[in-house]
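What the coordinates show
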Amino acid sequence: IMYATIRGDMVVAQATSAELAKFGIPAGYKNYAAAYCTGLLVARRVLKKFGLDEAFKGKEEIDGADYHVEDEENDKRPFKCILD
């Protein structure tokens, strides 16, 4: 995740699918599931960097129901990322 400034591009956080091996995923780093997991990894890193990792926990109980963080009552709003 990056943003542009007059001084140049600033990197907030990054993740690669090869890092998924550290989390117990032994193979398959070039598929849609790996892309999704890599996106989750970089999102958690950004939340941690800005001290929001405790404020936005995500889905804690897996029950198949839709989850939208916007529905929670928080003073802060989640980040919105536009992929370009």
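Residues numbered from 1 in each chain as written. Predicted model: local features only at pLDDT ≥ 70, side-chain atom pairs only at ≥ 80, totals over all residues. Heavy atoms only, no water.

Further remarks concern the nonpolar core. Buried together is how nonpolar side chains tend to be arranged in soluble globular proteins. Counting residues in each nonpolar core, the largest one holds six residues, listed as Val12, Ala13, Ala15, Leu41, Val42 and Val46. The residues contacting Ala15, other than those within four sequence positions of it, are Thr38, Leu41, Val42 and Arg45. (Core = buried A, V, L, I, M, F, W, Y, C linked by side-chain atoms within 4.5 Å. Buried < 20%, exposed > 50% of the residue type's maximum accessible area, 1.4 Å probe, protein only. Contact = heavy atoms within 4.5 Å.)

This brings us to the side chain of Thr38. Tracing the chain through its elements places Thr38 in helix α1 (residues 32-49). Among the residues examined, Thr38 registers a relative accessible area of 13% and is labelled buried. Side-chain polar atoms of Thr38 contact the backbone oxygen of Ala34, separated by 2.7 Å. If we ignore the near neighbours within four places in the chain, the residues touching Thr38 are Ala15, Thr16, Ser17 and Leu20. (Helix = DSSP H or I, 4+ residues; strand = E, 2+ residues; numbered from the N terminus. Polar contact = N/O pair within 3.5 Å; in protein donor to acceptor, adjacent residues only side chain to side chain.)

Take the environment of Cys37 next. Structurally, Cys37 is set in helix α1. The residues contacting Cys37, other than those within four sequence positions of it, are Leu20 and Ile25.

Once that is clear, we can look at the pattern of salt bridges. Counted under the stated rule, the structure contains one salt bridge. When the shortest N-O distance is used, the salt bridge between Arg45 and Glu19 registers 2.4 Å. Here Glu19 lies in the loop between β2 (9-11) and α1 and Arg45 lies in helix α1, a separation of 26 residues in the sequence. Since its relative accessible area comes to 28%, Arg45 is described here as partly exposed. (Salt bridge = Lys/Arg side-chain N within 4 Å of Asp/Glu carboxyl O.)

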